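As a plain string of letters, each chain reads:
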Amino acid sequence: MKKTNCSSMLRSITAILSILLLSITSVESLLAKNIQVNVAASGGLDTTLRHRKARPSSRGDATTIGGSNSKLQLLVQERHVVLENSIVRVNLSNPEGLITAIQYKDIDGNLLDHGSAEDCRGYWDVVWGGPGKNWTMVKLRTTTFKVIVQNENQIEVSFTRIWDTSLKGKVMPVNVDKRYVMLKDSSGFYTYAIFERLKGWPELSIAETRIAFKLNEDKFHHMTITDTRQREMPAYQDRQKGQPLAYPEAVLLTDPVNPVNKGEVDDKYQYSTENKDTGVHGWISANLHIGLWMIAASNEFRAGGPHKQDLTSHTGPISLAMFISSHYTGEDLAPKFKNGEPWKKVFGPVFVYVNSGPGAKKDVYTTLWEDAKAQLAKEIKSWPYSFPASDDFPASDQRGSVTGSLLIRDRYVNKRDIAGKSAYVGLAPPGDVGSWQRECKGYQFWTEANADGSFSISNVRAGEYNLFAWVPGFIGDFKHNMSIKISPGSKQNLGKLVYEPPRDGPTLWEIGFPDRSAAEFCVPEPNKKYMNKLYADREDWFRQYGTWERYSEMYPTRDLVYTIGVSQHQRDWFYAQVPRKLGNKSVPTTWSIVFKINKVLPSGTYKLRLALASATYAELQVRVNDQRAAKPLFTTGRIGKDNAIARHGIHGLYWLYTVDVPGYLLRPGKNTIFLTQTRTSSAFYGFLYDYIRLEGPPSNVA
């Protein structure tokens, strides 16, 4: 009897063990086959993160890739997912997909701000709104976790949130798929996101999409944006104690931790950069000899083209990767989707890179920055990446290329066609002339032409595009008259393209240089009360706070008068036409351009070309030889929302106007054109000029 019971018990135990073994094997099998594994949403993880070798957690499943000696590991915890190789360890909240911790080699502790809540350390976020509703800023929390790729060289995980009609008005009507990728020997990790709207979904506007990191302030104090824009930054608490200025982002530091910073202005917009120059930026810890960098090998997924400006890094310490925003453009760069309009776009991948330098090096900042730039070069060479597992990110063999050359035809400048030297040439979704700078839903691909005007645009996603261009030294925009269809592997040579910039007659006079920027004009020395020492002895004084206020100081009782042939634009044309303070109120400003014409053709038509580098809730009125004329010869009406003056942008969106000036309004000898900016509700309402030209009536040219 006892023997029978023992045998029965043994068989039962064997069966139970078999079931348990099968269960364990099934979980690992599901992971290996990219099938979703549901993990309990309770429990926690030690976020102190003192460095240790990866080990299975008592709270979840641990999968080691490539055997026990491999350094590439995925640990699935109850409330966290951990990606780790021999260099970097990254903690992600499960299933929200927030970045809660980054650890590097043997450095003790979290590189992110462990003093902040887990959802405020590293995250994707979005600012969105529905019809008739205010903007809402939310972190992109997801609801489902899934393993996409597991092998000895790569781990890719996905965090998704699926929208349905029950979420209408509560959640942005977009499916979100956030991806994180770690490669075996990589000193960092990649992240990208796929946004998708299905047909029939409700209206939507998106004002901002980005990745944000709040770094550990105990570790990181030195910020680097470019070769010349790098400094030891004030502390976040300095801002909290400081004096707010004309807008919340600008703070006068009154009692900083480091007394050297006392009296400086801290303003995140002082560190903005154009998309084309935002390949790498980040922070350095001098004590630990490490740097943490945002690296973008491409800008194809950013809105607004190569000259769109945006935030990079700033006091916090904060580091950002911006994809969509209304900064320096206004709502023109906030994509608006009609009721039922489908859409899909991949943002990224971007690379979060961590590096270190030997302790013996004297200049740790230069060492780490040069290495970060070298890493950017490697990433660019590898673009488009071959490793993203999503079908929505096409590899190089699924893309095409376009080549050609651009010539400029302006017979009043040269009898022959001119090579489009340094022209910016790009492919963007189909639209009107110049529409690329307001394009924010699709992808754009840009290059800078060679000295002979030749250009090559590679790695273009399949689709339909227009080819656009603009050339420094010439006004206006070029658009090729044929649409371009890119298919996988296609190589198209467009041959010689000719751009004829706006021109009706010979130049009588001009002010400035047509490069879509006001930087060449008179940017005054800033008020020493509002200095940022980084820009103290530089040409880009426009990045200093309060330069716009200097206009009222330089012209306290009368406005700017510019005399052709006498005045110089670098010295005498103020960079921004803004209201003038008159006592306790602001008044419109009228600038005068004084010029002489020896012989006037009364029956002819003269052309005044007005190229604006920026407009902010402003109106420009033009009058000729009669400042008090009740009706202006021309008005723009109220235009622009880019706020570039307040944000130290030196340019926003580009505007080009042509004003017909009847010859009978002019007279032989002295003439005056009056330019009035009428709007005065804010000190920042106004214009940044790019270039002004007066052309005579058409004449015979060879």
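Residues numbered from 1 in each chain as written. Predicted model: local features only at pLDDT ≥ 70, side-chain atom pairs only at ≥ 80, totals over all residues. Heavy atoms only, no water.

## As for the overall build of the protein
Point 1. Assigned secondary structure in the protein consists of five helices and 47 strands.
Point 2. For the protein, the residues scored as buried account for 57% of the 702 residues in total.
Point 3. Restricting the contact set of the protein to residue pairs at least 6 apart, pairs at least 24 apart contribute 70%. (Helix = DSSP H or I, 4+ residues; strand = E, 2+ residues; numbered from the N terminus. Buried < 20%, exposed > 50% of the residue type's maximum accessible area, 1.4 Å probe, protein only. Contact = heavy atoms within 4.5 Å.)

## Some points on the environment of Lys133
Point 1. Looking at the secondary structure, you find Lys133 in the loop between β6 (122-129) and β7 (136-139).
Point 2. The exposure class of Lys133 is exposed, given its relative accessible area of 52%.
Point 3. Between the alpha carbons of Lys133 and Gly169 there is a distance of 9.2 Å; along the sequence they are 36 residues apart.

## Overview of the sheet that holds strand β36 (residues 561-563)
Point 1. Spatially, five strands are ordered β36-β40-β46-β42-β43 in an open sheet, and the strand pairing comes out mixed. Since the sheet does not close on itself, it has two edges, and those belong to β36 and β43 (634-635), each with one partner. (Pairing = 2+ DSSP bridges.)

## Here we look at the nonpolar core
General note: in soluble globular proteins, nonpolar side chains tend to be found buried as a group.
Point 1. Judged by nonpolar contacts, the single largest core of 174 residues is most densely connected at Ile102, Met172, Phe213, Trp573, Leu608, Tyr689 and Ile692.
Point 2. Examining the composition of this core, we find that eight residues originate from one element, strand β25 (residues 343-356), more than from any other.
Point 3. With residues near it in sequence (within four places) discarded, Phe213 still touches Ile99, Ile102, Leu112, Arg121, Gly122, Phe189, Met294, Pro317, Ile318, Ser319 and Val352.
Point 4. One finds Tyr424, Ala428, Trp436 and Trp470 within the second-largest nonpolar core, a separate group that totals five residues. (Core = buried A, V, L, I, M, F, W, Y, C linked by side-chain atoms within 4.5 Å.)

## A look at the layout of surface pockets
Point 1. Considered as a void within the structure, the largest pocket measures approximately 710 Å³ in volume.
Point 2. If you list the elements that add at least two residues to the lining of the largest pocket, you get α3 (364-382), β29 (445-448) and β30 (454-460).
Point 3. Counted by class, the lining of the largest pocket contains 13 nonpolar, eleven polar and five charged residues.
Point 4. Every residue lining the second largest pocket is counted, 31 residues in all, and those nearest its centre are Glu274, Lys276, Asp277, His307 and His651. (1 Å grid on protein atoms, 1.4 Å probe; cavity = no way out; pocket = protein on both sides within 12 Å on 5 of 7 lines; lining within 4 Å. Points joined across faces, edges and corners; volume = space filled by probe spheres on them. Nonpolar A, V, L, I, M, F, W, Y, C, P; charged D, E, K, R; others polar.)

## Here we look at the pairing of strand β40 (residues 589-597)
Point 1. With eight of nine residues buried, β40 lies mostly within the body of the structure.
Point 2. Across three bridges, β36 lies against β40 in parallel orientation. When the bridges of β40 are listed, Tyr562 appears paired with Ile593.

## So, the packing of aromatic side chains
Point 1. Summed over the entire model, instances satisfying the criterion amount to 43 aromatic pairs.
Point 2. Each ring, one from Trp124 and one from Phe323, has its centre 5.3 Å from the other, and the planes form 15°; the classification is stacked. With Trp124 in strand β6 and Phe323 in strand β23 (residues 318-324), this pair connects stretches of sequence that are 199 residues apart.
Point 3. Judged by its relative accessible area of 0%, Trp124 falls in the buried class. (Phe/Tyr/Trp six-rings, centres within 6.5 Å; stacked < 30°, edge-to-face > 60°.)

## Comments concerning the pattern of salt bridges
Point 1. If you walk through the whole model with that rule in mind, you get 37 salt bridges.
Point 2. A salt bridge links Lys214 to Asp113; the shortest N-O distance between them is 3.4 Å. One end of the pair, Lys214, is in strand β12 (residues 204-214); the other, Asp113, is in the loop between β5 (99-104) and β6, and 101 residues separate them in sequence. As far as burial versus exposure is concerned, Lys214 and Asp113 are alike and both buried.
Point 3. In this structure, Arg179 and Glu156 form a salt bridge, with 2.8 Å as the shortest nitrogen-oxygen distance. Within this pair, whereas Arg179 is found in strand β10 (residues 175-183), its partner Glu156 is found in strand β9 (residues 154-161), the two being separated by 23 residues in sequence.
Point 4. For Arg179, a relative accessible area of 9% gives the class buried.
Point 5. A cluster of three or more residues bridged by salt bridges with shared partners is formed by Asp504, Arg609, Arg693 and Glu695. (Salt bridge = Lys/Arg side-chain N within 4 Å of Asp/Glu carboxyl O.)

## Section: empty space enclosed by the protein
Rolling a probe over the atoms, with the probe sized like a water molecule, indicates the empty space that remains.
Point 1. Under the criterion given, the structure shown has two cavities of 30 Å³ or more.
Point 2. By volume, the largest cavity amounts to about 60 Å³.
Point 3. Around the largest cavity sit Thr278, Gly279, His281, Met294, Ile295, Ala296, Arg302, Leu311, Leu320, Ala321, Met322 and Val350, which together line it.
Point 4. Contributions of two or more residues to the lining of the largest cavity are made by β20 (290-295) and β23.

## Some details on the environment of Thr616
Point 1. Relative to the helices and strands, Thr616 resides in strand β41 (residues 605-618).
Point 2. Ignoring anything within four residues of it in the chain, the contact list for Thr616 reads Ile639, Gly640, Lys641, Asp642, Asn643, Ala644, Phe684, Tyr685 and Gly686.

## Examining the sheet that holds strand β16 (residues 250-252)
Point 1. The strand order across the open sheet built from three strands is β15-β16-β17, with neighbouring strands paired in antiparallel fashion. What marks the edges here is a single partner per strand, and that holds for β15 (243-244) and β17 (265-267).
Point 2. Strand direction decides the pairing type here: β15 and β16, joined by two bridges, are antiparallel. Within β16, the position partnered with Gln243 by the bridge is Leu252.

## So, the side chain of Asn671
Point 1. Turning to its location among the elements, Asn671 is positioned in strand β46 (residues 669-677).
Point 2. The contacts of Asn671, once residues within four sequence positions are left out, are Ile593, Val594, Phe595, Ile597, Asn625 and Leu666.

## Focus on the environment of Arg667
Point 1. Within the fold, Arg667 resides in the loop between β45 (655-662) and β46.
Point 2. In the structure, Arg667 is positioned 67 residues away from Val600 in sequence and 6.2 Å away in space, judged by C-alpha atoms.
Point 3. A polar side-chain atom of Arg667 sits 3.4 Å from the main-chain carbonyl oxygen of Lys670. (Polar contact = N/O pair within 3.5 Å; in protein donor to acceptor, adjacent residues only side chain to side chain.)

## Observations regarding α3
Since the α-helix packs 3.6 residues into each turn, any two residues three or four apart lie on the same face.
Point 1. Spanning 19 residues, α3 covers 27 Å between terminal C-alpha atoms, matching the ideal 27 Å at 1.5 Å per step.
Point 2. Along α3, the residues that are buried comprise Val364, Leu368, Trp369, Ala372, Gln375, Leu376 and Glu379. Take α3 and look down its axis: the buried residues cluster within an arc of 120°, on one side only. Turned more than 90 degrees off the buried face of α3, the exposed positions are Lys378 and Lys381. (Expected span 1.5 Å × (residues − 1). Arc of directions from axis to C-beta.)

## Some words on the side chain of Arg550
Point 1. Residue placement: Arg550 occurs in helix α4 (residues 550-554).
Point 2. Each residue touching Arg550, except ones within four places of it in the same chain, is listed here: Pro524, Glu525, Pro526, Asn527 and Phe574.

## Side note on unusual backbone geometry
Point 1. For the bond from Gly316 to Pro317, the omega torsion is -10°, close enough to zero to count as cis.
Point 2. You can see Pro317 is positioned in the loop between β22 (313-314) and β23.
Point 3. A cis amide bond links Gly348 to the next residue, Pro349, at an omega of 5°.
Point 4. Tracing the chain through its elements places Pro349 in strand β25.
Point 5. The phi torsion at Ser422 lies on the positive side, around 65°, for a residue other than glycine.
Point 6. Residue position: Ser422 is located in the loop between β27 (418-419) and β28 (424-428).
Point 7. One non-glycine residue, Asn643, lies in the positive phi region at around 55°.
Point 8. Structurally, Asn643 can be placed in the loop between β44 (639-641) and β45.
Point 9. Taking relative accessible area as the criterion, Asn643 reaches 24% and is therefore assigned partly exposed.

Limitation: the analysis is restricted to geometry and does not speak to function.
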